[in-house]
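The chain contents come next:
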Amino acid sequence: MTSRLLMPVRPFRTTGPGRARTAPTVGTAPTAGTAPTAEAAGTTRGTAILDLAHPRVVAFVGRVRRAADERGATTDRDRLRTAHGIIAATVRPVYSVEDLRRVSRTLRLGRGSCSQRMAVLEAVARSFGVPTRVRGLLVDGAFWYPRFPKLRPFVPEEVLLAWPEFLLDGTWVPIAELFADAEPAAPVSRAGAFTNSGAETLFEAVARTGVDWDAPAACAGAAPCDLSAHLRTDLGRFTSRDELFARHGQTLCLPARTLAEPLLGRWNAGAGADPDAHPGADPETAPDPDARASSAA
């Protein structure tokens, strides 16, 4: 049994993979409906989460730009691949539950959840003039059981995931397809399944293997890239993750986030039950560097 008490009240419950249940009218039974189909335009503007003008974000974008130039990256897709690699190497994966965390703070702490690290990539894209949007996905909490085998009763019934999409050459490209035509950097087949266990997170996995929530014909059924069985509800596209979370809330309610964040926000993904497995000082307790220091990052 998974925890509903930890979750905020949402305007619907789910009925199965890819199906939504709309909010019932008083005195009537709820009815099932298909996932929303509305398209969001996307934008390059900053938001409260994607605080593009913050000196730390500006400095990070400059770092990515220099690295991309050094590697001969000439397209927006190649620049985003470069950014993804730098984020994977410098922002430690943890189980933070604060989806509204600003990108500048994630960069300052040097750690973040998959959602927070994806937000960093979105911020880089928008800073490069690439419009982004997010797809709202309600994913079955059981998808995260392999990471919390002893804490299953506390895993939320559903996890709200903001899945970024980037407008490249006139086509919306989900984050999982940024590397679709790339050779993996590590000596591992792109066909290797993502198991959501161990050190690899969704953020790293997209660089080496297919990750798809829709079960297209090419990877339907038991193929490694098919995660559609874990998708409960497709909430549609939103111009920003800010809009998604404002409309549907975060995965955990505020009291649960307040209690969980001090532990989960430092708990290394793939580090077992030891949230302090990563050595070194905690940036959260260190003095906040000024803009000149951050510009050297």
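Structure: above.
Residues numbered from 1 in each chain as written. Predicted model: local features only at pLDDT ≥ 70, side-chain atom pairs only at ≥ 80, totals over all residues. Heavy atoms only, no water.

Visitor: Can you walk me through the overall build of the chain in this structure?
Guide: The helix and strand inventory of the chain stands at eight helices and nine strands. Looking at the chain residue by residue over its 297 residues, the buried ones come to 51%. Taking all contacts inside the chain whose residues are at least 6 apart in sequence as the whole, residues at least 24 apart take part in 69%. Accessible surface, the chain: about 13,800 Å² in total, of which carbon and sulfur atoms supply 58%. (Helix = DSSP H or I, 4+ residues; strand = E, 2+ residues; numbered from the N terminus. Buried < 20%, exposed > 50% of the residue type's maximum accessible area, 1.4 Å probe, protein only. Contact = heavy atoms within 4.5 Å. Areas by Shrake-Rupley, 256 points an atom, 1.4 Å probe, with all protein chains shown as cover.)

Visitor: Looking at this model, I keep getting lost on helix α4 (residues 114–127). Mind explaining?
Guide: Think of an α-helix as 3.6 residues a turn; residues three or four steps apart then line up on the same face. Helix length check: α4 (14 residues) gives 20 Å between terminal C-alpha atoms against 20 Å at 1.5 Å per residue, within 8%. Counting buried residues along α4, 13 of its 14 residues qualify, which places the element largely inside the surrounding structure. Among the residues trailing α4, Gly 129 stands out with phi positive, at a value near 85°. (Expected span 1.5 Å × (residues − 1).)

Visitor: What exactly am I supposed to notice about the pairing of strand β7 (residues 158–168) here?
Guide: Looking down a regular strand, the side chains alternate between one sheet face and the other. The buried fraction of β7 amounts to ten of the eleven residues, a majority that puts the element mostly inside the structure. Bridge analysis of strand β6 (residues 132–140) against β7 gives nine bridges, and the strand direction is antiparallel. Directly across from Thr 132, in β7, lies its bridge partner Phe 166. Here four bridges tie β7 to strand β8 (residues 171–174), and the two strands are oriented antiparallel to one another. When the sheet's bridge partners are listed, Leu 168 is paired in β8 with Thr 171. If you look at the hairpin formed by β7 and β8, you'll find two residues sitting between the two strands, and Asp 169 has a positive phi there, around 55°. (Pairing = 2+ DSSP bridges.)

Visitor: What is the right way to read the sheet that holds β8 from this model?
Guide: Strand pairing in a sheet takes place through backbone hydrogen bonds and is either antiparallel or parallel in direction. Read from one edge of the open sheet, four strands run β8-β7-β6-β9, paired in antiparallel fashion. Two strands in the sheet have a free side with no partner beyond their single neighbour: β8 and β9 (231–238). Neighbour-to-neighbour, the strand axes of the sheet open up by a mean angle of 30°, direction not taken into account. Its contacts with the sheet put α4 on β6 and β7, and the angle it makes with β7 is roughly 20°. (Axes fitted to C-alpha atoms, helices over the stretch in contact; angles between N-to-C directions.)

Visitor: Please clarify how the pairing of β6 should be interpreted in this entry.
Guide: Buried residues dominate β6, accounting for eight of its nine residues. Looking at chain direction, β6 and β9 are connected through six bridges and run antiparallel. In the strand pairing of β9, Leu 138 is matched with Thr 233.

Visitor: What is the right way to read the side chain of Asp 99 from this model?
Guide: Assignment of secondary structure puts Asp 99 in the loop between β4 (92–93) and α3 (103–109). Here Asp 99 is buried and forms no salt bridge, its nearest opposite-charge partner Arg 241 lying at an N-O distance of 5.9 Å. Within the structure, Asp 99 has its side chain in polar contact with the side chain of Ser 115 (distance 3.4 Å). (Lys, Arg positive; Asp, Glu negative; His and termini not counted. Salt bridge = Lys/Arg side-chain N within 4 Å of Asp/Glu carboxyl O. Polar contact = N/O pair within 3.5 Å; in protein donor to acceptor, adjacent residues only side chain to side chain.)

Visitor: When you look at the nonpolar core in this model, what are you seeing that I'm missing?
Guide: Side chains of nonpolar character tend, in soluble globular proteins, to be buried together. Ranked by internal contacts, the top residues of the largest apolar core, which has 54 residues, are Trp 163, Phe 166, Leu 178, Leu 202, Val 211 and Trp 213. Per-element tally for this core: the top contributor is α4, with eight residues. (Core = buried A, V, L, I, M, F, W, Y, C linked by side-chain atoms within 4.5 Å.)

Visitor: I'm lost on the packing of helix α1 (residues 55–70) against α4 in this one. Help?
Guide: If you want to describe how two helices pack, look at the angle between their axes and the distance between the axes. For the pair α1 and α4, interaxial distance at closest approach is 10 Å and the crossing angle is 75°. In terms of orientation, α1 and α4 fall into the roughly perpendicular class. Contacts from Val 57, Phe 60, Val 61, Val 64 and Arg 65 in α1 reach Val 120, Ala 123, Val 124 and Ser 127 in α4. In terms of residue class, the contact of α1 with α4 is built from seven nonpolar, one polar and one charged. (Parallel < 35°, antiparallel > 145°, perpendicular 65-115°, else oblique. Nonpolar A, V, L, I, M, F, W, Y, C, P; charged D, E, K, R; others polar.)

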